[in-house]
Amino acid sequence: MEIKNFIKIYDEAIPLKTLSNLIRYINTLNFEEAKIIGDNEQQVNFNIRRTYNYPLTNVKLSSDVSFSEIHWFCILSKFFTDKINQYPIDLKIKEFHWKEISNVTILKYENSGFYTWHTDHHATIPRTMSCILLLNNDYEGGNLCFRNPDGSDEWEVEVKPNRMIIWPSNFLYPHTVKPVTKGIRYSIVAWAL
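The structure reproduced in this document is the subject of the present report. What you are looking at is a predicted structure, and each value in this text was computed from that prediction instead of being measured.

Bringing the nonpolar core into the picture now. Formed by 34 residues in total, the largest nonpolar core has its most connected members in L22, L56, F80, I84, V104 and I188. Within the residue set of this core, elements represented by two or more residues are α1 (16-26), α2 (67-90), β7 (101-109), β9 (129-134), β13 (163-168) and β16 (185-192). With seven residues, α2 is the single largest residue contributor to this core. With 18 residues, the next largest nonpolar core counts I7, L134, L144 and V180 among its residues.

Another point: the sheet that holds β9. Ordered in space as β1-β13-β9-β16-β7-β6-β2, the seven strands form an open sheet in which the pairing is antiparallel. Every other strand in the sheet has two partners, leaving β1 (8-11) and β2 (32-33) as the edge strands with one partner each. Relative to β13, β9 is paired through six bridges, and the arrangement is antiparallel. The residue bridging L133 from the neighbouring strand is M164, located in β13.

Before going further, it helps to spend a moment on the pattern of salt bridges. A side chain of one charge can pair with a side chain of the opposite charge if their charged atoms are brought near each other. A full pass over the atoms with the stated rule returns six salt bridges. Among the ionic pairs, D153 bridges to K4, the shortest N-O distance being 4.0 Å. With a gap of 149 residues between them, D153 in the loop between β11 (144-146) and β12 (155-156) and K4 in the segment before β1 connect regions that are remote in the sequence. A residue is classified by how much of its surface remains accessible, and D153, at 40% relative accessible area, is partly exposed. Where K178 meets E154, a salt bridge forms, and the shortest distance between an N and an O atom there is 3.3 Å. Residue K178 is found in the loop between β14 (175-177) and β15 (180-182), and its partner E154 is found in the loop between β11 and β12; the two are separated by 24 residues along the sequence. Owing to a relative accessible area of 30%, K178 belongs among the partly exposed residues under this scheme.

As a further point, take the pairing of β16. Walk down a regular strand and you will see the side chains alternate between the two sheet faces. The element β16 is largely enclosed, with a buried count of eight among its eight residues. Of the two faces of β16, the one holding R185, S187, V189 and W191 and the one holding Y186, I188, A190 and A192 are both buried throughout. Sheet topology note: the β7/β16 ladder contains eight bridges and is antiparallel. Residue T105 lies in a different strand from β16, and its bridge partner there is V189. Where β9 lies against β16, six bridges are found, and the strand directions are antiparallel. Residue pairing for β16: L133 is matched across the bridge by I188.

Here α2 contains 24 residues, and its C-alpha end-to-end distance of 34 Å stays within 8% of the 34 Å for a straight helix at 1.5 Å per residue. Among the residues making up α2, those that are buried are E69, W72, F73, L76, S77, F79, F80, K83, I84, Y87 and P88. Phi for K92, located one or two positions after α2, is positive at around 55 degrees.

Let's shift gears to the side chain of R127. Along the chain, R127 falls in the loop between β8 (114-118) and β9. No salt bridge is formed by the buried R127. Its closest oppositely charged neighbour is D120, at 4.5 Å. Apart from the residues within four sequence positions on either side, R127 is in contact with I37, D120, H121, S169, W191, A192 and L193.

Parameters and conventions
Throughout this description, residue numbers start from 1 for each chain and increase along the sequence as written. Confidence filtering applies because this is a predicted model: local features only for residues at pLDDT of at least 70, side-chain atom pairs given and counted only at 80 or more, and all residues used for totals across whole chains, interfaces and linings. Think of the side-chain values as coming from all heavy atoms in the structure, minus any hydrogens and water. Buried residues of nine kinds, namely Ala, Val, Leu, Ile, Met, Phe, Trp, Tyr and Cys, make up a nonpolar core once their side-chain atoms join them within 4.5 Å. The classification of residues rests on relative accessible area computed with a 1.4 Å probe and restricted to protein chains. Under 20% of the type maximum is buried, over 50% is exposed, and intermediate values are partly exposed. The helix and strand labels rest on DSSP assignments: H or I over at least four residues marks a helix, E over at least two residues marks a strand, and numbering proceeds from the N terminus. Two strands qualify as a pair provided that DSSP identifies no fewer than 2 bridges between them. By salt bridge we mean one thing: a side-chain nitrogen of Lys or Arg within 4 Å of a carboxyl oxygen of Asp or Glu. A helix's residues, less one, multiplied by 1.5 Å, set its expected span. Under this rule, positive means Lys or Arg and negative means Asp or Glu; His and the chain ends count for nothing. By definition, residues are in contact when any of their heavy atoms lie within 4.5 Å.

Function cannot be read off these values alone, since they describe shape.
See below:
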């Protein structure tokens, strides 16, 4: 089986009314500069990643959160959990184990926003599965692309609102978000441990 066969795409991932309400909610948020995972700490590095984020996972860590944050974290965690549970069934994988959704983060890529080639598994955060929910398509550029680990055979995921992409987080799945050239790209990422 080819590596790209383990990248699963689910269209119409969440109900349209939920998507519409989510986008309205996102437009009220104050995003922060997204960090990258380093060996000792997380840090902002605009040479590797020019993205803004709003982590919904903080609802587990703080008592000073709004009902909206708790509401959206619960709803989105459920959607991601359901799709990750569907993944091995759709691909007929017999041995598939994961523990929990560890992060749910809303991402905002403005003009010239990007993320260079990387994988999501790291020694300090050992992730099992990666998920992206694309929210809009009224922007240019910003394409999610994958390639084989040897750097060959690059391919692009077609941009479509309400499209969820799931794949293993390991070294076999380097991916990038190409620079946004016009508009703002919104997506939600989640990882499973």
